[in-house]
Amino acid sequence: MTLSEMKQILAAGGVRLAKSLGQNFLHDANQLRRIVAAAGLREGDRILEIGPGLGPLTELLLASARELLAIEKDRRLVELLQRRFGTAQTLSLVHKDALDYLRQHPTDWSEWKLVANLPYSVASRLLVELAQMERGPRLMVVTLQWEVAQRLLAQARGEDYGVLTLLIQLRYQPDGWFKIPPSCFFPEPEVESACIKLIRREEPLLPLDQGRIFSKIVKRGFSQRRKMMMKLLKQDWDAKAMEDAFDRASLSHQIRAEAVGLDKFVELTEILAQAKPNGDE
Ligand code: SAM
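Okay, so let's go over this structure. (Residues numbered from 1 in each chain as written. Predicted model: local features only at pLDDT ≥ 70, side-chain atom pairs only at ≥ 80, totals over all residues. Heavy atoms only, no water.)

Within the structure, the ligand sits among 22 residues, and Leu26, Gly51, Glu72, Ala98 and Asn117 are positioned closest to it. Within the side chain of Glu72, a nitrogen or oxygen atom sits 2.6 Å from an oxygen atom of the ligand. In the complex, 99% of the free accessible area of the ligand, which totals 590 Å², lies under the protein chains. Looking at the shell around the ligand residue by residue, the class counts come to 10 nonpolar, 6 polar and 6 charged. (Near = heavy atom within 4 Å. Polar contact = N/O pair within 3.5 Å; in protein donor to acceptor, adjacent residues only side chain to side chain. Areas by Shrake-Rupley, 256 points an atom, 1.4 Å probe, with all protein chains shown as cover. Nonpolar A, V, L, I, M, F, W, Y, C, P; charged D, E, K, R; others polar.)

This is the structure we're talking about:
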């Protein structure tokens with residue numbers, strides 16, 4: 001889909017773009033091909049696309065997918081997509097907020113791939129939602145804000161390292177990325193973009209029921225970045241149990257969360273899963 005085709009479809013449909021829905025459409029054929037190549041599509045693939053927009057990516061995905069589920073929040077775009085792809089048997093088009101859909105339709109996504117140019121304002125929340133599922137997609141190839149991609153790729157001690165990094169990397173391993181310049185979108189976004197590939201870990205680092213504890217530790221640990229992590233965690237756990245846990249994990253009592261790697265957060269979770277939290281839990 002070329003830029004002029006895109007403009008034509010929008011004008012013919014009388015659609016004015018909504019900034020709040022992050023409607024920046026990707027028209028650069030080369031970048032679209034790179035995204036599809038990163039997803040390594042095979043004929044039997046089941047694909048989830050969030051925010052198909054005018055369908056430039058949808059069109060390419062349909063060529064190889066066994067099944068494509070596309071969730072779009074904007075009714076006007078859903079109507080345009082229905083007109084354009086209405087006859088495609090392999091496409092299920094859903095008019096809904098994707099976050100609501102994921103929460104309201106518990107699904108085994110484990111054999112699915114997410115391939116999407118995500119709405120930037122909800123990209124992180126969507127990824128966390130999928131990553132925390134028992135059966136999340138086996139692969140996620142997503143285009144999002146460059147700053148968010150940096151956080152997904154970050155390592156301990158890096159300035160982008162934080163809650164998002166850890167919640168995603170617990171279940172997914174980043175496996176490459178590339179930048180997409182603003183000029184490839186219409187209208188051009190004010191921020192830089194990147195496409196990033198995330199592969200689900202074959203062996204989960206923690207059993208699912210400990211994921212909640214991991215998330216609690218991570219969020220509390222980063223709640224005040226400059227403070228010592230142990231002090232922060234003592235708000236939720238018994239002080240002595242916390243000191244023992246840090247000793248067992250060979251962590252300094254003075255360390256800040258930003259210097260604690262994923263492996264150590266996992267180890268702390270395993271230890272604290274056996275300890276009694278303060279308060280009602
Ligand atoms: N995939 C298209 C492309 O590459 O040109 C469009 C991508 S655009 C960045 C994001 C799309 O997500 C828009 O079509 C927007 O209407 C849709 N959208 C925004 N918020 C959404 C949500 N919460 N659930 C589903 N779709 C959403």
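Turning our eyes to something else, we now look at helix H7 (residues 146-153). For H7, the full list of buried residues reads Trp146, Val148, Ala149 and Leu152. Across the axial projection of H7, the buried residues extend over an arc of 155 degrees, all falling on one side. Taken together, the buried residues of H7 touch helix H6 (123-131), strand E6 (139-145), helix H8 (163-169), strand E7 (172-180) and strand E9 (193-200). (Buried < 20%, exposed > 50% of the residue type's maximum accessible area, 1.4 Å probe, protein only. Helix = DSSP H or I, 4+ residues; strand = E, 2+ residues; numbered from the N terminus. Arc of directions from axis to C-beta. Contact = heavy atoms within 4.5 Å.)

Next up on the list: the side chain of Glu258. The topology assignment puts Glu258 in the loop between helix H11 (239-248) and helix H12 (262-272). Look at Glu258 and you get buried, because its relative accessible area is 15%. Polar contacts involving the side chain of Glu258 include one to the side chain of Arg226, which spans 3.2 Å. Setting aside chain neighbours within four positions, we find Glu258 in contact with Ala156, Arg157, Tyr161, Phe222, Arg225 and Arg226.

Another aspect to go through is the side chain of Arg201. One can find Arg201 in the loop between E9 and helix H9 (208-221). Reaching out from Arg201, the side chain makes a polar contact with the backbone oxygen of Leu170 at a distance of 3.3 Å. With near-sequence residues (within four places) excluded, Arg201 lies in contact with Gln169, Leu170, Arg171, Tyr172, Gln173 and Leu262.

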